[in-house]
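Breakdown of the fold
Each chain, written out:
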Amino acid sequence: MADMKNFIDSLLEGAGGSKAEKLNGRTYRDEPILMTAAQMADYTPPKYREMRMIGRKFRGGQYRNYLEMEGRVFYEEARFMQDYEDQVELRAEIEDIFRPGYEDLTDRELRMYFTWRRNFRHGNPDGISKTFARIYSNELINLIGVRDPEEGYRLIQQLRQVCAEKGFGKYFDLDMKEIAHDFVVYYDLPAALLNDDDSIRHADSVRIISDHRSCSPHELMGALDELSSYSINKSRFYKANPEDMEAVVYGAFDQLYAYYGRGHKVDLVEKFAGAKSRIPYRMFGYNVFFEKVRHPDGVYDVDGLTRYICSRGNWVMETLMPTDKNRREVKKFLKSVDFRMREMFDFTPQIKDVKVSKLYDSIIREEIGKILDAKREAARPRIEIDLSKLDRIRAAAEKTARKLIVEDENFEEEGSAQIPLMEVGTVAPAGDAGRAKGDGEAETEGKAGAVSCAEIPKAIEIDGDSSGTEIPNAEAGREAAGGAGAGTAFSPLEREFLSRLLRGEPYADLPEREHVMLSILVDGINEKFYDLLGDTGLEFEGEEPVIIEDYREDIEALL
């Protein structure tokens, strides 16, 4: 250490004579400051001493109270140091101080603060502490180092974000949010900057429940959730049945709103959201702030429900003031809906019952009953009749009836021509041959409507047997129908319909074209399949007919 002092003395002598000569000869001029590392650590630039002298000067003035004096001292010191920059290592821990000013820091800590402030202004927030953040926010609300309030608000939000990223905690962020809120109101910035403010969300919720009939059930549910100490959005039943629960909440709230609106002293909005009141308000209550010029009288309207009124420098906040009692009232309502819906919907798990008034419970049960009745009604099968199609259906039915009558008459005429209504082997009486004309029968030469015994075997000959002594049974008829010509059993419409079904082609135009109901067409085809296959070949899947796959090859062979 002695060697270092000797080295410094030699440098000073080389710069302008010995120390003694300087003192005795009264030689004064600027000289370099040369110190050891230990001396530099304890060194404090003169700027800080000057700042503290300013503080002592203004501390002795006349003030209304301590807060005014504290604010004035900080403001004058901050204005003196607003452009100052320092450069030291940011290693020491800084004690967390709630309402810090420059006077609360040591010289070393002050040097660290002005070093950090320089870095922050250049985009580097490293080394920040809660105390540094609070001092800097005090500078910003006093508009120290900023051009205008808009720049001050931007820097407050930037500082708030940095503190959140550093993990300073929820309560610290609430303090920063209140600083930003008061800054907007005091400096008359646009109310849109308060979008993330709790009072704004509360006001939005109050507006929704006050005019719920112009809002959706989902919006009302969100507003009530915001006002409640019970988060209905986390309910397992609500997550599983959101629309049903929102409908019940909306209907029950609407009934309660009407009930409390009929001459009661307290309406439902006040019961759920609190009563409007006026309370004194101190701007920047948790910060060191000096009002250089008294704020002009005026009203700052935040959202129509909350207003800040300034009169002769004193502030009053006018707003709805929700209490724990209000939040518990909304909680009871929402939780009772949750409980009853789980119970009446047979939903698990159940939750503990909530004690509510008979009015609440009866209204909630009624609204849940409406939902359940609507679900049961929706589950019932519906039969809808399109009256506009009755004329077409009637015309199609009449045409089908006429066709059935004509086919039946033709069948009887053809049958009578092939097989006479007499026993085989019986000869018509001779007297019938000479019956007179005009009886409505066709005149014949010889026999009239009779077949001789010799002709009968030729008409019904089967498998080469021409004995003519037996008529074929029904089984033999089905075997004959199942032969190569079995496809002729179907009408052209039925054949085309089956062909399209087999190929998977559209078929809807066929029944309409022939004015035949689809069900009648399918029934007629199935009757013929029953004779040919011993079973039906078509079935309905819903309202669409399809080929039974087990008989697909048989049907293709028949066609």
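Now for a description of the structure that goes with this document. (Residues numbered from 1 in each chain as written. Predicted model: local features only at pLDDT ≥ 70, side-chain atom pairs only at ≥ 80, totals over all residues. Heavy atoms only, no water.)

Judged by nonpolar contacts, the single largest core of 58 residues is most densely connected at Y102, Y113, L159 and Y308. Elements with a contribution of two residues or more to this core: α4 (46–59), α5 (66–80), α6 (107–121), α7 (130–141), α8 (149–165), α9 (170–186), β3 (307–311) and β4 (314–321). If we ignore the near neighbours within four places in the chain, the residues touching Y308 are H181, V185, Y281, M283, G298, V299, Y300, V302, W315, V316 and M317. With 38 residues, the next largest nonpolar core counts Y230, V249, V337 and I368 among its residues. (Core = buried A, V, L, I, M, F, W, Y, C linked by side-chain atoms within 4.5 Å. Buried < 20%, exposed > 50% of the residue type's maximum accessible area, 1.4 Å probe, protein only. Helix = DSSP H or I, 4+ residues; strand = E, 2+ residues; numbered from the N terminus. Contact = heavy atoms within 4.5 Å.)

A surface patch of nonpolar side chains, amounting to about 710 Å² of accessible area, comprises I383, I385, L387, L390, I393, M517 and I520. Among the secondary structure elements, I383 is positioned in the loop between α16 (358–379) and α17 (390–418). I383 sits in the exposed class, given a relative accessible area of 79%. (Patch = residues over 30% accessible without salt bridge, like charges linked within 9 Å, V, L, I, M, F, W, Y side chains within 5 Å. Areas by Shrake-Rupley, 256 points an atom, 1.4 Å probe, with all protein chains shown as cover. Salt bridge = Lys/Arg side-chain N within 4 Å of Asp/Glu carboxyl O.)

Once that is clear, we can look at the pairing of strand β2 (residues 298–301). Two faces belong to every sheet, and in a regular strand the side chains alternate between them. Relative to β3, β2 is paired through four bridges, and the arrangement is antiparallel. Looking at β3, one finds that D301 is bridged to R307. Remark: five residues form the turn of the hairpin made by β2 and β3, two consecutive strands paired antiparallel; G304 in that turn has positive phi of roughly 90°. (Pairing = 2+ DSSP bridges.)

With that settled, the discussion passes to the packing of aromatic side chains. In this description, an aromatic ring pair is defined by two values, namely the gap between the centres and the angle between the planes. Considering all chains together, one arrives at 32 aromatic pairs under this definition. A ring pair is formed by F272 and F333, whose centres lie 6.0 Å apart and whose planes are at 45°; its orientation type is tilted. Here F272, found in helix α14 (residues 268–273), pairs with F333, found in helix α15 (residues 324–344); they are 61 residues apart in sequence, far enough to count as distant. Each member of the pair F272 and F333 is classed as buried. (Phe/Tyr/Trp six-rings, centres within 6.5 Å; stacked < 30°, edge-to-face > 60°.)

Viewed as axis vectors pointing N to C, helix α13 (residues 242–260) and α15 meet at an angle of 130°, and their least axial separation amounts to 11 Å. Comparing the axis directions of α13 and α15 gives the class oblique. The way α13 lies across α15 gives a crossing that is right-handed. Residue-level inspection shows D244, M245, V248, V249, A252, F253 and L256 of α13 in contact with α15, the latter providing F333, L334, V337, D338 and M341. Residue composition of the contact of α13 with α15, by class: 10 nonpolar, no polar and two charged. (Axes fitted to C-alpha atoms, helices over the stretch in contact; angles between N-to-C directions. Parallel < 35°, antiparallel > 145°, perpendicular 65-115°, else oblique. Left-handed = near helix turned anticlockwise from the far one by under 90°. Nonpolar A, V, L, I, M, F, W, Y, C, P; charged D, E, K, R; others polar.)

If you trace the backbone, D338 turns up in helix α15. Looking at D338, the relative accessible area reads 0%, which means it is buried. Among the polar contacts made by the side chain of D338, one reaches the side chain of S235 at a distance of 3.0 Å. Dropping the residues within four chain positions of it, D338 is found in contact with Y230, I232, S235, F237, M245 and I351. (Polar contact = N/O pair within 3.5 Å; in protein donor to acceptor, adjacent residues only side chain to side chain.)

Relative to strand β6 (residues 544–547), strand β5 (residues 538–541) runs antiparallel, the two being bridged by four bridges. Among the inter-strand pairings, F540 is bridged to a residue of β6, identified as P545. With antiparallel pairing between neighbouring strands as the criterion, β5 and β6 make up a hairpin whose turn holds two residues, including G542 at a positive phi of roughly 75°.

Note on placement: Y187 falls in the loop between α9 and α10 (198–210). Owing to a relative accessible area of 18%, Y187 belongs among the buried residues under this scheme. Taking the C-alpha atoms as reference points, Y187 and H295, 108 residues apart in sequence, are found 9.3 Å from one another. Beyond its immediate sequence surroundings of up to four residues, Y187 is in contact with I141, N142, L143, P149, F284 and F289.

Here the focus is the sheet that holds β2. Spatial ordering of the open sheet is given by β1-β4-β3-β2, a layout of four strands whose pairing is antiparallel. Where the open sheet ends on each side, the last strands, each with one partner, are β1 (275–281) and β2. The sheet shows a mean angle of 20° between the axes of neighbouring strands, direction not considered. Set on the sheet, α9 makes contact with β1, β2, β3 and β4; between it and β1 the angle comes to about 90°.

It is worth spelling out the side chain of R52 at this point. Here R52 shows up in helix α4. Dropping the residues within four chain positions of it, R52 is found in contact with E77, Y102, E103, L105, T106, D107 and L110.

Moving on, we get to the pattern of salt bridges. All chains considered together, the criterion is met by 38 salt bridges. D338 is paired through a salt bridge with R342; the nearest N and O atoms lie 3.0 Å apart. Taken together, the residues span about one helical turn, with D338 and R342 both in helix α15 at a distance of four residues. Owing to a relative accessible area of 4%, R342 belongs among the buried residues under this scheme. Here E496 ties to R500 by a salt bridge, and the two come within 2.9 Å at their closest N and O atoms. Of the two residues, E496 and R500 are both situated in helix α20 (residues 492–503); the distance of four residues between them amounts to about one turn of the helix. The exposure class assigned to E496 is partly exposed, which follows from its relative accessible area of 29%. Residue classification places R500 among the buried residues on the basis of a relative accessible area of 14%. Salt bridges linked by common partners bring E496, R500, D509, R513 and E514 together as one network.

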